[in-house]
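# Report on the structure
If you want the building blocks of each chain, they are given just below.
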Amino acid sequence: MPETRDSITDIWGPRTGFEGQEQWPARIDEHTTEAPDHWVQSACVLCSNGCGVDIGVKDGRIVGVRGRAVDSVNHGRLGPKGLHGWVANNSPDRLTKPLIRRNGQLEEATWEEAMSLIVQKSKDLIAKHTSSSIGFYTSGQLFLEEYYALAIVGKAGLGTPHMDGNTRLCTATAAAALKASFGSDGQPGSYADLDSTEAILHVGHNIASQQTVLWMRILDRLAGPNPPKLVVIDPRRTYTAEKATVHLAPRVGTNIPVMNGLLHLIIEAGHLNHAYIEAHTLGFEELKKTVAKWTPDRVERLTGVPADKLRAAADILGTCKTLVSTVLQGVYQSMQATASAVQVNNLHLLRGLLGHDGSGIYQMNGQPTAQNTRECGADGDLPGFRNWGNETHIQELADLWNVHPDQIPHWAPPTHAMQIWRYCETGSIKMLWISGTNPLVSMPDLARARKILAKEDLFVIVQDAFLTETTKYADVVLPAAIWGEKTGCFTNVGRTVHISHRAVNPPGEARSDFDIFVDYSRRMDFRDQHGAPLLTSTWQTTEDAFNAWRECTRGRPCDYTGMSYAKLSEGSGIQWPCNEEFPDGKKHLYEDGVFATATEYCETYGEDLETGAPRSKEEYQAINPNGRAFLHGVDYEPPHEEPDEQYPLWLTTGRVVFHFHTRTKTGRSKALQDAAPDSFVQLATEDAARYGISEGDMVEVTSRRGRVLEPARVGGIEPGLVFIPFHYGYWDKADRPRAANELTLTEWDPVSKQPHFKYAAVKLRKVHA
Ligand SMILES: Nc1nc2c(c(=O)[nH]1)N[C@H]1C(S)=C(S)[C@@H](COP(=O)(O)OP(=O)(O)OC[C@H]3O[C@@H](n4cnc5c(=O)[nH]c(N)nc54)[C@H](O)[C@@H]3O)O[C@H]1N2
Ligand SMILES: Nc1nc2c(c(=O)[nH]1)N[C@H]1C(S)=C(S)[C@@H](COP(=O)(O)OP(=O)(O)OC[C@H]3O[C@@H](n4cnc5c(=O)[nH]c(N)nc54)[C@H](O)[C@@H]3O)O[C@H]1N2
Ligand code: SF4
Ligand SMILES: [Mo]
């Protein structure tokens, strides 16, 4: 079966209308270029949905994929990226040998040379400047075992506080919002809630493009009996918005007024679960007072959302008996990110809509393994959702790793990525180890990011499968084995853990990130307090690492103790917590209304949502939430940059359905690349007329940071707003500057520290050939 459908022209495939928990019919989507001689169990790594796939192998090469019908996530379905992205594994331009920069040029080297150089550099820096001169910038795309290894190397081995992921750019706000409301990371619901829910809310999330398979589930509900009502909040008329019962298109950066306006109407109409609020929450009066100022007329004046539309949306959200909400980058990368995301949690808490079939909140993830970056502490968190402010949690980690607690940096919150880049800029970080991310396309304000990586006194290591915009600035490039070429586990946004088995060998001398980090630990001779090698005495395989990780999660919200490689290899992915009490995982968290907020259990003592100032343990204890969730009321603050006479238009940036990020994989699929060959600037018909721009004209877009040249795409967007996808760097097409991030700002949310990619002020000019 070469291809079960042409997913380029038919993105979501045929409809199978349905209603009812787990009643979604299976459909096996497949794309193979040759008949496989065998299939190997895996899951897709091209978004956070985590669809179960089998990898087809012939003569030691990947020849295709098919969806796994038994998997609870996708019931066999796959989207265009899942069906086509795998061809990148076979690309002839994969990195196969380490590279070292000599006399300005990257030259092939042996692993021995490359690793010795890194170890020598590390030792020199530690001797002269302490391990705080070393920083790690990792990914949301490695495997659980790799992050856990990295976390131990960084925290127990080196003892540097400077480790974070590109997850900071991605879903740091998801974690921050879940922690702020419920005390810990972890999505309360299950995808199966969509099967019976009465209403769905998408805030700043173009799910139709970005989680195509989850959208298929929603499309099938819309095509079945008792379809759910759909509320979409997005300034653009996206694929998702086209299907909405009510589409609110606010001005960018105004999520707080819109959400406050909705909550105000719901409270005013009395659509509240008073018993639930009373028993299970804190902060209702303050929230009520804050949102009361946001009358529909005031919301309309500030956001452009017509008052009657706001009322229509509030009516749906206030009266539905079950509700599933999803939140993503239109919130996380916009003004007041954490504060806005938390308002969606507030909505569910006010109405008691969580912890039961049909209701759930997805503070969505984007990257396939972002959940694990957070769980394992390879970002600015500690492993097992432990609280850096809680000495008992630090002691638990010290016991697990057999090191002194003082070895583990915890005197302040771990350094977030934006600050790591800042320290590189100011010079206190002198070695930056980048793995599984391509910042010279994905970071905001690229001119600044390039200048930082180009610094003479910054030693840059890049661990990737391809040459990228970023490897151009590397001192050492390490060739990485990727998905399909290594075994490991990862967890989707719905707490569902999958195992991905190695199907083929990596090309040339490429090695897994796991092997590289463990090798570094061995060469650095990191030891525990009894003098035994830190990782290497016990960790031979990734399965050893997984088993160590299970112990790290014991008693924590993300409890993996009931899982094993064998169990994960049986059929569907499994949701955590999975332990003796819940051997097959658990569909809902917080069924009893008891949240993860007890002082000794919670992942954080919280922050002020306006300033980000952390709360002390004593302050937290004084509030004594003891299992109750927090309702937070926050008022509006205007974005850091707004259009003015010089830069009269709003810019927003995001994605298209056919590409994943900086296209290192999807750009190597002919089908996907042909479907979306180039960047563009989308502008409203009115604006196009005003500037004399027609479809396809080359347009110069300038902000205070930089300029790009983009062909125009006219229509489908509000006047005053332009959109550029961020996928396109210069690697494969250097004829013009076109990366959206040449234009974006270096500003971030005070709580989650996630940068603001979703708004900037720009001007346009038609360029004559
Ligand atoms: N095809 C594809 N799918 C992907 C990815 C990919 O690169 N390509 N990447 C994956 C990853 S890592 C991520 S993080 C997700 C991202 O998934 P999404 O968050 O759905 O993607 P974006 O296009 O970045 O942004 C979503 C929407 O936010 C809207 N928006 C902009 N500003 C605002 C605002 O102020 N308020 C509101 N309410 N909305 C606003 C934009 O118009 C846009 O439609 O997708 C994942 N899936
Ligand atoms: N303007 C703007 N900028 C954005 C966004 C936006 O919406 N607008 N979105 C932000 C978001 S949400 C995200 S997630 C980021 C994404 O930005 P990046 O993370 O920079 O994008 P990717 O292209 O996914 O980069 C992943 C890199 O890892 C490599 N890789 C893949 N698998 C492996 C592996 O197993 N091991 C190793 N070592 N390498 C591997 C790939 O070849 C690729 O080079 O961009 C952010 N930047
Ligand atoms: S929805 Fe996401 S995980 Fe599923 S096939 Fe598409 S890219 Fe892969
Ligand atoms: Mo992301």
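Note that the coordinates shown come from a computational prediction; the quantities given were computed from them, not determined experimentally.

What counts and how
Residues numbered from 1 in each chain as written. Chains lettered and ligands numbered in written order. Predicted model: local features only at pLDDT ≥ 70, side-chain atom pairs only at ≥ 80, totals over all residues. Heavy atoms only, no water. Pairing = 2+ DSSP bridges. Helix = DSSP H or I, 4+ residues; strand = E, 2+ residues; numbered from the N terminus. Near = heavy atom within 4 Å. Polar contact = N/O pair within 3.5 Å; in protein donor to acceptor, adjacent residues only side chain to side chain. Areas by Shrake-Rupley, 256 points an atom, 1.4 Å probe, with all protein chains shown as cover. Nonpolar A, V, L, I, M, F, W, Y, C, P; charged D, E, K, R; others polar. Domains from an automatic or database assignment. Buried < 20%, exposed > 50% of the residue type's maximum accessible area, 1.4 Å probe, protein only. Arc of directions from axis to C-beta. Contact = heavy atoms within 4.5 Å. Salt bridge = Lys/Arg side-chain N within 4 Å of Asp/Glu carboxyl O. Buried area = accessible area lost by both parts, 1.4 Å probe.

### Focus on the sheet that holds strand β19 (residues 496-500)
Sheet strands associate in pairs through backbone hydrogen bonding, adopting either a parallel or an antiparallel arrangement. Within the open sheet, the three strands sit side by side as β18-β19-β20. Their pairing is antiparallel. Sheet topology places β18 (488-491) and β20 (574-575) at the edges, where each strand pairs with a single neighbour. Pairing of β19 with β20, which is carried by two bridges, proceeds in the antiparallel orientation. Of the residues in β20, the one forming a bridge with Val497 is Ile574.

### Observations regarding the site of ligand 1
Neighbouring ligand 1 are 32 residues; Asp234, Gly253, Gln329, Arg655 and His659 lie closest to it. Note that a nitrogen atom of ligand 1 is positioned 3.3 Å from one of the side-chain N or O atoms of Lys81. The separation between an oxygen atom of ligand 1 and a polar side-chain atom of Arg655 is 2.7 Å. Protein coverage of the free-state accessible area of ligand 1, which is 910 Å², stands at 100%. At the level of secondary structure, the elements contributing two or more residues to the shell around ligand 1 comprise α6 (207-210), α14 (329-332) and β22 (649-654). When its residues are assigned to classes, the shell around ligand 1 shows nine nonpolar, 18 polar and five charged. Of the residues that make up the shell around ligand 1, three or more belong to each of domain 2 (173-364) and domain 3 (649-768).

### A look at helix α18 (residues 417-426)
Within α18, burial applies to Ala417, Met418, Ile420, Trp421 and Cys424. In a view along the axis of α18, the buried residues occupy a sector of 160°, so they form one face of it. Each element contacted by the buried residues of α18 is listed here: β7 (134-138), β8 (163-165), α4 (167-170), β15 (431-435), α19 (439-442) and α20 (446-453). Two residues or fewer past α18, Gly427 is found with a positive phi of approximately 105°.

### Some remarks on the pattern of salt bridges
Under the defined criterion, the tally for this structure stands at 48 salt bridges. The salt bridge involving Glu107 is made with Arg102; its shortest N-O contact spans 3.6 Å. Between Asp678 and Arg736 there is a salt bridge, with its nearest N and O atoms 2.9 Å apart. One end of the pair, Asp678, is in the loop between α25 (670-675) and β23 (681-683); the other, Arg736, is in the loop between β26 (721-725) and β27 (760-766), with 58 residues separating them in the sequence. Asp678 gets classed as buried once you look at its relative accessible area, which sits at 17%. For Arg736, a relative accessible area of 8% translates into the label buried. Counted as one network, the salt bridges with shared partners bring together Glu112, Arg511, Asp519, Arg522 and Arg523.

### Considering the domain arrangement of the protein chain
Along its sequence, the protein chain is carved into domain 1 (113-170 + 369-469 + 488-575), domain 2 (173-364) and domain 3 (649-768). In this structure, domain 1 and domain 3 have C-alpha centres spaced 32 Å apart. At the junction of the two partners, domain 1 supplies 21 residues and domain 3 supplies 24 residues. A combined buried area of about 2,100 Å² lies between domain 1 and domain 3, and 60% of that area is made up of carbon and sulfur atoms. Taken together, the links from domain 1 to domain 3 amount to one salt bridge. Here Glu742 and Arg450 are joined by a salt bridge, their closest N and O atoms 2.9 Å apart. Applying the counting rule to domain 1 against domain 3 returns 13 residue pairs in polar contact (both at pLDDT 80 or more).

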